[in-house]
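Listed here are the chains, written in short residue letters.
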Amino acid sequence: MTHAYTPGLKVSPQTEVRKERRLPLKGDVLVSVGDWVTAETVVAKTELPGNVQTVNVANRLSILPEDIERNMLVKLGDWVNEGDLIAQSRSFFGLFKSSAKMPVSGTVESVSDITGQVIVREKAIPVEINAYLDGEVIEVFENEGVMVKTTATFVQGIFGIGGEAVGELDVVAKDGSVVMDPSLINSSHKGKIILGGSLVTMAALERAKEVGVRGIIVGGIGDSDLRTILGYDLGVAITGSEEIGLSIVVTEGFGQMTIADRTFDLLASRKGMKTSISGATQIRAGVIRPEVVIPLETGLVGNADHEIKHKAVVGLVIGSPVRVIREPYFGKIGTVTSLPPELQKLESEAMVRVLGVKFDGDVEVMIPRANVELIEE
Amino acid sequence: MAEVNKDAENIQSIIATDCGSTTTKAILIEKRDGEYRLIVRGEAPTTVEAPFEDVTRGVLNAVAEVEDLTGNTYIKDDKIEHPRKGGVGTDLYLSTSSAGGGLQMMVAGVVKEMTAESAQRAALGAGAIVMDVIASNDMRQPHERIQRIRALRPDMILLSGGIDGGTTTHVAELAELIAAADPRPRLGMSYSLPVIFAGNVDARELVKDRLEAKTSLSITENLRPVLERENLQPARLGIQELFLEHVMKHAPGYGNLLEWTPVPIMPTPAAVGSIMQLIAKEEGINVVGVDIGGATTDVFSVFGEVFNRTVSANLGMSYSISNVLAEATVPNILRWVPFDVEETDLRNRVKNKMIRPTTIPQALESLIIEQAMAREALRLAFIQHKLLAVGLKGVQQERTISDTFEQTESGATLVDMMQLDMLVGSGGVLSHAPRRVQAAFMMIDAFMPEGLTELAVDSIFMMPQLGVLAQVHPRAALEVFHKDCLIRLGTCIAPRGEGKEGTPCLEVSLEMPDGTTESRSLKSGEMAVIPLEVGQKAKAIIKPTRKFDAGAGRGKEIHTELGGGQVGVIIDARGRPLTLPTDKAERVRKLTEWNDALGVYPGAHSSMED
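Residues numbered from 1 in each chain as written. Chains lettered and ligands numbered in written order. Predicted model: local features only at pLDDT ≥ 70, side-chain atom pairs only at ≥ 80, totals over all residues.

Here the focus is the overall build of chain A. On a plain count of helices and strands, chain A comes out with six helices and 31 strands. In terms of C-alpha radius of gyration, chain A reaches 28 Å, well past the compact-globule figure of 21 Å for 377 residues. If one aligns the C-alpha atoms of chain A with their principal axes, the spans along those axes are about 100 × 55 × 50 Å. Relative to all contacts within chain A whose residues are 6 or more apart in sequence, the contacts with residues 24 or more apart total 63%. (Helix = DSSP H or I, 4+ residues; strand = E, 2+ residues; numbered from the N terminus. Rg over C-alpha atoms; globule rule 2.2 N^0.38 Å. Contact = placed C-beta atoms within 7 Å.)

This is how it looks when you write it as structure tokens:
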């Protein structure tokens with residue numbers, strides 16, 4: 001049976017984190033099983049085939065495509081520099097020569113006597129991937145990449161933008177409800193990941209970019225500000241490749257939303273530690289959520305495996321802490337007080353399975369099970 | 001397949017599954033008292049991804065739910081047992097799939113409006129999402145096209161181009177571009193990309209020379225052998241075959257699933273298209289169907305005998321809802337909302353739905369906003385459909401279906417709302433609307449049917465399973481479709497024409513099954529509903545005023561019989577095209593009036609303005 005609730009986002013003080021680091025195409029792996037790597041270590045590299053340009057030689061020389069071969073000055077596979085001649089027509093008495101030059105430096109990949117086109121491939125593009133986390137290489141995928149393992153504090157966000165960023169964690173808000181405005185950001189935050197409160201304002205985003213902040217962790221962001229910083233209206237939640245100068249991990253949602261105390265307190269307690277974040281989000285099948293990973297010193301490492309097994313069996317039961325994720329109680333945190341099995345009619349008249357929730361000792365309210373998420377321990 | 005047909009009458013039980021990107025749905029059909037009926041339905045999360053990485057796990061879980069609900073046994077040794085033996089198993093097992101994002105294709109052709117457009121129709125009809133259309137005249141530079149092919153990493157490429165005996169140069173050029181791009185498929189690092197060539201027969205050798213070594217090339221009949229005729233079926237079958245051989249085999253667990261079923265696994269949208277075509281053919285009607293999902297919206301139409309399908313890959317109610325807002329724009333969404341909403345509030349609500357796609361509207365206000373979004377998603381998807389469901393371009397009025405509807409120019413849309421007989425909606429926001437009239441009203445506002453149109457929704461979205469069943473057992477598929485799948489909402493009467501608000505529009509008189517007569521006289525800008533139950537018929541006299549056409553011409557009276565449904569007969573005298581008031585207060589007043597006239601929402605909505 002499908003679960004009638006949204007599994008919560010992970011907020012874990014200490015857990016084992018494994019990251020696959022794979023090349024887009026086959027290449028060379030530069031580390032071995034057992035190696036200790038830092039986030040910046042290059043673990044694998046490859047070369048992507050270069051870009052392709054076409055030259056319509058037949059047109060340039062005003063010849064028929066089938067005559068292209070005898071007018072070519074270079075052969076298939078030759079490397080030719082930008083501006084060098086690749087073909088020349090021989091007219092009567094050599095008076096009116098037409099020629100075609102290389103538009104870019106590259107290799108002659110094909111010469112077509114049907115279309116009269118020459119295809120040139122530019123230099124291969126080198127691609128390197130780093131470890132992203134401080135940790136140990138535990139597996140090598142031959143020619144493709146590695147698996148890195150670390151023990152870390154791990155927090156998932158709900159939405160993010162920008163790719164991976166690594167830096168020291170700093171806390172700029174006194175609690176999760178504070179709005180992050182430009183006054184909270186100064187030049188000491190350069191190169192750091194900063195933890196804010198319930199909302200990051202547009203002005204604060206601008207300020208953070210200006211001083212060179214690498215990443216922001218915050219409760220909420222306004223959709224209008226997101227549109228401004230991206231320069232377009234985000235249509236589908238597939239992110240991670242934006243180049244906006246920093247990465248953002250949003251823990252709660254859109255609009256002003258206080259960061260859950262547990263999340264804020266946990267992250268705040270890691271102030272000063274080296275932190276890896278990724279804004280990459282994909283809300284489709286194969287969901288990817290943005291994340292904050294703070295590798296722990298070896299001294300802090302406990303029995304992480306045990307903790308994972310313990311958590312896997314926890315479900316939604318009476319007494320479970322939950323967060324409401326849709327109006328009218330959006331963002332409120334409460335405790336499950338009842339789980340009636342029969343369908344109930346909502347104000348919208350939809351018949352759905354519900355649960356009872358109490359917020360801070362208030363009266364019990366009924367909420368669709370689909371509209372809460374479990375706060376995972 | 002022949003084996004299945006031979007034994008068709010002996011088939012007592014059928015299990016069909018649809019492996020969606022998030023949920024795998026199983027239905028059990030049994031022959032009872034001589035007719036096939038849906039018995040139960042089970043579902044389980046799809047298991048294409050880690051930690052399971054085996055689609056059959058989700059299939060078995062969904063079928064296990066069917067077992068729980070019926071007390072029967074269908075699974076033996078971790079397989080679906082068929083044919084049924086000793087009270088265990090089912091006589092026939094079938095499946096469709098759209099897991100892993102479905103089939104994502106690029107198509108290429110010489111002229112964008114001709115062979116490339118035909119290729120696009122072939123791919124869409126085969127159930128694919130078309131990521132891009134490359135054409136010799138698409139105004140892009142060759143290197144831009146190459147980069148595009150590389151960046152998109154399609155599952156498959158359909159190359160067409162040139163009518164038989166026509167250009168070979170341009171086809172060779174397209175083949176060279178594909179070879180230069182050396183595209184890697186989306187799934188699997190090491191297998192070569194399937195390419196189908198369905199173009200000029202004279203270009204086959206040229207294409208082979210260029211692509212055979214670099215791709216997994218197959219060649220089918222030309223999909224546009226002459227300008228005047230498309231021949232899409234061979235290319236569509238080729239696509240579906242390669243989908244099974246290449247794409248599906250690289251999806252985890254499909255190898256096993258393929259062994260379980262005696263007929264090929266169909267891409268989900270191809271199966272839906274197949275059931276739509278069957279219905280249109282059996283009943284001799286023109287049909288438009290829509291399936292609005294979380295990520296995509298599919299529109300199908302059958303006019304005359306021409307079937308078309310389009311998919312709007314980024315219009316949907318959860319994953320893609322933010323894109324609906326971006327494409328429709330805020331004012332177009334808010335024009336359907338009968339109360340005040342701030343733009344920033346709407347924007348944040350929409351984005352929060354996008355990042356938490358499984359939530360449902362608890363408050364009435366949330367439901368109304370969600371249904372306003374649905375109207376726009378459906379409207380935009382239908383616009384895209386009408387643009388592609390067109391007559392062949394570059395042809396002088398030669399289509400055989402021109403007697404069915406007027407073709408004023410080559411390339412005119414085939415979708416004529418006045419000729420449409422049935423509009424079928426499916427997908428959560430329509431099938432699960434708390435009141436059926438809400439689904440009817442959303443479809444009317446989005447599709448703007450004209451004249452007389454029957455409205456229906458799919459009860460639990462089992463059209464994919466019935467579509468694949470229709471391939472081997474059309475009778476069972478049709479019986480279940482009519483009795484258990486289709487929920488008839490009623491008939492919409494919507495005259496074409498425009499009139500000043502308050503001036504007479506039409507009179508409708510229904511002779512009800514109990515012998516009484518129900519008459520309504522509507523002014524321009526009004527709506528009304530006359531209840532008429534499912535299965536009932538009423539003799540109708542429809543008299544439009546001289547500015548309006550209900551199907552027989554302006555001012556012409558119509559005598560006909562109308563079918564009922566869970567809503568009844570809806571009379572829409574708002575005119576076509578529909579113009580909503582631009583003044584906000586006036587618009588809210590009209591929306592509230594229509595909602596009240598049809599009983600769309602509970603309570604008095606005017607109070608929500610406060």
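So, next bit.
The next thing to look at is the domain arrangement of chain B. You can read the domains of chain B as domain 1 (2-99), domain 2 (102-256), domain 3 (265-492) and domain 4 (495-579). Relative placement of domain 2 of chain B and domain 4 of chain B: their C-alpha centres are 48 Å apart. (Domains from an automatic or database assignment.)

A few words now on the packing of helix 10 (residues 321-328) of chain B against helix 13 (residues 364-388) of chain B. Residues and elements named next belong to chain B. Contact geometry of helix 10 with helix 13 gives a least axis separation of 10 Å together with a crossing angle of 70 degrees. Between helix 10 and helix 13, the interaxial angle falls into the category roughly perpendicular. Contacts from Ile-321, Val-324, Glu-327 and Ala-328 of helix 10 reach helix 13 at Met-373, Glu-376, Ala-377 and Leu-380. Of the residues that constitute the contact of helix 10 with helix 13, the class distribution is six nonpolar, no polar and two charged. (Axes fitted to C-alpha atoms, helices over the stretch in contact; angles between N-to-C directions. Parallel < 35°, antiparallel > 145°, perpendicular 65-115°, else oblique. Nonpolar A, V, L, I, M, F, W, Y, C, P; charged D, E, K, R; others polar.)

At the junction of the two partners, chain B supplies 50 residues and chain A supplies 47 residues. Among the secondary structure elements, those contributing two or more residues to the side of chain B that touches chain A are strand 3 (35-45), helix 4 (142-152), helix 5 (169-181), helix 10, helix 12 (343-355) and helix 13 of chain B. Among the elements that line the side of chain B that touches chain A, the one with the most residues is helix 12 of chain B, at seven residues. For the side of chain B that touches chain A, the class distribution of residues is 21 nonpolar, 19 polar and ten charged.

Before going further, it helps to spend a moment on the sheet that holds strand 5 (residues 52-56) of chain A. Residue and element names in this part refer to chain A. One open sheet accounts for four strands, arranged 5-10-9-6; its pairing is antiparallel. The two strands at the open ends of the sheet, each matched to only one other strand, are strand 5 and strand 6 (79-80). Bridge count between strand 9 (residues 106-111) and strand 10 (residues 117-121): four bridges; the pairing is antiparallel. Paired with Ser-110 across the two strands is Ile-119, which belongs to strand 10. (Pairing = 2+ DSSP bridges.)

Turning our eyes to something else, we now look at the pairing of strand 4 (residues 42-48) of chain A. Where strand 2 (residues 28-29) of chain A lies against strand 4 of chain A, two bridges are found, and the strand directions are antiparallel. Within the sheet, the bridge partner assigned to A:Asp28 lies in strand 4 of chain A and is A:Lys45.

Time to look at the environment of B:Leu489. Residues and elements named next belong to chain B. With respect to the secondary-structure elements, Leu-489 resides in strand 18 (residues 486-494). Given 28 C-beta atoms within 10 Å, Leu-489 falls into the buried group. Distance from Leu-489 to Ala-440, taken between C-alpha atoms, is 6.9 Å for residues 49 residues apart in sequence. If we skip the residues at most four places from it in the chain, Leu-489 touches Arg-436, Ala-439, Ala-440, Leu-455, Ala-456, Val-457, Gly-565, Gln-566 and Val-567. (Buried ≥ 20, exposed ≤ 12 C-beta atoms within 10 Å, placed from the backbone.)

Residues and elements named next belong to chain A. Overall, antiparallel pairing links the five strands, which are arranged 30-29-26-25-31 in an open sheet. Each edge of the sheet is formed by a strand with only one pairing partner; in this case those strands are strand 30 (365-368) and strand 31 (372-374). Between one strand axis and the next, the sheet turns by 50 degrees as a mean value, whatever way the strands run. Summarising the sheet, strand 25 (residues 321-324) and strand 26 (residues 333-338) pair through three bridges and their orientation is antiparallel. Across the sheet, Pro-321 pairs through a bridge with Thr-335, a residue of strand 26.

On to helix 17 (residues 474-485) of chain B, then. When the terminal C-alpha atoms of helix 17 of chain B are compared, their 14 Å separation across twelve residues is substantially less than the 16 Å that a helix rising 1.5 Å per residue should span. Of all the positions in helix 17 of chain B, only B:Ala476, B:Ala477, B:Leu478, B:Glu479, B:Val480, B:Phe481 and B:Cys485 are classed as buried. (Expected span 1.5 Å × (residues − 1).)

Moving on, we get to the environment of A:Thr107. Residues and elements named next belong to chain A. Along the chain, Thr-107 turns up in strand 9. Judged by C-beta crowding, with 17 C-beta atoms within 10 Å, Thr-107 ranks as partly exposed. Once the C-alpha coordinates of Thr-107 and Leu-374 are considered, the two residues, 267 residues apart in sequence, prove to be 57 Å apart. Setting aside residues up to four positions removed in sequence, Thr-107 forms contacts with Gly-77, Asp-78, Trp-79, Val-120 and Arg-121.

Here we come to the nonpolar core. In terms of nonpolar packing, the biggest core is built from 267 residues, with B:Met105, B:Ala123, B:Leu158, B:Leu159 and B:Ile178 touching the most fellow members. Take this core: its biggest share by element is eleven residues, from helix 13 of chain B. In this structure, B:Leu159 is in contact with B:Ala108, B:Leu174, B:Ala175, B:Ile178, B:Val195, B:Ile196, B:Phe197, B:Gly199 and B:Val207, ignoring residues within four places of it in sequence. Counting residues in hydrophobic clusters, the runner-up holds twelve residues, among them A:Val324, A:Ile325, A:Phe330 and A:Val336. (Core = buried A, V, L, I, M, F, W, Y, C linked by C-beta atoms within 7 Å.)

Turning our attention to the packing of helix 10 of chain B against helix 12 of chain B. Residues and elements named next belong to chain B. Relative to each other, helix 10 and helix 12 sit at 145 degrees, their axes nearing to 7 Å. For the pair formed by helix 10 and helix 12, the contact residues are Ile-321, Ser-322 and Leu-325 on the first element and Val-350, Lys-351, Lys-353 and Met-354 on the second. Grouping the amino acids of the contact of helix 10 with helix 12 by side-chain chemistry returns four nonpolar, one polar and two charged.

Right, let's talk about the pairing of strand 13 (residues 145-156) of chain A for a bit. Residues and elements named next belong to chain A. Burial of strand 13 is extensive: ten of the twelve residues sit out of reach of the surface. The pairing of strand 1 (residues 11-22) with strand 13 spans ten bridges and is classified as antiparallel. Bridge pairing in strand 13 links Arg-21 to Val-146. In this structure, strand 12 (residues 135-141) lies alongside strand 13, joined through five bridges in antiparallel fashion. Bridged to Val-140 within strand 13 is Val-146. Between strand 12 and strand 13, which pair antiparallel in sequence order, lie three residues; one of them, Asn-143, sits at a positive phi of approximately 65 degrees.

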